[in-house]
Amino acid sequence: MGSFKLGKMTVGSMFKKPETIQYPVQTRFVPEGLKGHIEVDMNECTLCGICMKRCTTSAITVDKEAASWSINRFRCIQCNYCVLECPTNCLRMEPTYAPTATTKSNDTFIKEVDEEAKAAKEAAKAERVKAALEAKAAREAQKA
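Everything in this summary refers to the structure shown in the same document. Fair warning: this is a prediction, and the values are worked out from it, not measured in the lab. (Residues numbered from 1 in each chain as written. Predicted model: local features only at pLDDT ≥ 70, side-chain atom pairs only at ≥ 80, totals over all residues. Heavy atoms only, no water.)

### Comments concerning a negative patch on the surface
And step 1. Together, D114, E115, E116 and E122 give the surface a local cluster of negative charge.
And step 2. You can see D114 is positioned in the loop between strand 5 (106–110) and helix 4 (115–143). (Patch = residues over 30% accessible without salt bridge, like charges linked within 9 Å, V, L, I, M, F, W, Y side chains within 5 Å. Areas by Shrake-Rupley, 256 points an atom, 1.4 Å probe, with all protein chains shown as cover. Salt bridge = Lys/Arg side-chain N within 4 Å of Asp/Glu carboxyl O. Lys, Arg positive; Asp, Glu negative; His and termini not counted. Charge placed at Lys NZ, Arg CZ, Asp CG, Glu CD. Helix = DSSP H or I, 4+ residues; strand = E, 2+ residues; numbered from the N terminus.)

Laid out in structure tokens, this is it:
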């Protein structure tokens, strides 16, 4: 009985369109609701690290000192928690298949930091600290 089923399947497949495609030359259609893969907009990212804390598989790594954001795509399960929790909305779930990879590696994105803006930010921080220390000294002088 099993050989009849096998013969029916074999003969039927001779007249059908093949199930496989020649990937990456041909691409599959993107079904509705495909989660796809995570993309980050480094211009919007503040490197707060909330996405790293919310990632259930620890696939995301944020390094503030190096101004880098990296993801291990083989570890990511496309749960979308990082996208939902991002306060600046710099993460998005692209509805396309992830690019092919032959080795397991982390995709790292580095934020370009303008040196003038960084120096201005540090100067503004120093002014705020100085003003706070002066205000504290004035309060202590009033108490005494």
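So that's the structure; there's more coming.
### Concerning the packing of aromatic side chains
In this description, a pair of aromatic rings is defined by centroid distance and the angle of the planes.
And step 1. Following the criterion strictly, the structure yields one aromatic pair and no others.
And step 2. Between W69 and F109 the ring centres are 5.9 Å apart and the planes differ by 45°, which places this aromatic pair in the tilted class. In this pair, W69 is assigned in strand 3 (residues 68–72) and F109 in strand 5, connecting sequence segments 40 residues apart.
And step 3. The class of W69 is buried, set by a relative accessible area of 1%. (Phe/Tyr/Trp six-rings, centres within 6.5 Å; stacked < 30°, edge-to-face > 60°. Buried < 20%, exposed > 50% of the residue type's maximum accessible area, 1.4 Å probe, protein only.)

### Quick word on unusual backbone geometry
And step 1. The phi torsion at A67 lies on the positive side, around 55°, for a residue other than glycine.
And step 2. By relative accessible area, A67 is classed as buried at 11%.
And step 3. Look at Q78: it is not a glycine, yet its phi comes out positive at around 55°.
And step 4. Along the chain, Q78 turns up in the loop between strand 3 and helix 3 (81–85).

### Here's the deal with the side chain of H37
And step 1. Its place among the elements puts H37 in strand 1 (residues 37–40).
And step 2. Note on H37: relative accessible area 7%, which makes it buried.
And step 3. Here T96 takes part through its backbone oxygen, which lies 3.1 Å from a polar atom of the side chain of H37.
And step 4. H37 has contacts with R73, R92, M93, E94, T96, Y97, A98 and P99, leaving out every residue within four places of it along the chain. (Polar contact = N/O pair within 3.5 Å; in protein donor to acceptor, adjacent residues only side chain to side chain. Contact = heavy atoms within 4.5 Å.)

### As for the environment of A131
And step 1. Topologically, A131 is positioned in helix 4.
And step 2. Taking relative accessible area as the criterion, A131 reaches 42% and is therefore assigned partly exposed.
And step 3. Separated by 22 residues in the primary sequence, A131 and F109 have C-alpha atoms spaced 36 Å apart.

### Some details on the state of the cysteines
And step 1. Scanning the entire structure with this criterion turns up zero disulfides.
And step 2. Take C55: it sits in no disulfide, and the sulfur closest to it among the cysteines is that of C79, at 6.0 Å.
And step 3. C55 sits in the buried class, given a relative accessible area of 14%. (Disulfide = S-S within 2.5 Å.)

### As for the side chain of S68
And step 1. Mapped onto the elements, S68 comes out in strand 3.
And step 2. Using a relative accessible area of 12% as the deciding quantity, one classes S68 as buried.
And step 3. Beyond its immediate chain neighbours, meaning those up to four positions away, S68 contacts L47, T61, V62, D63, T108, F109 and I110.

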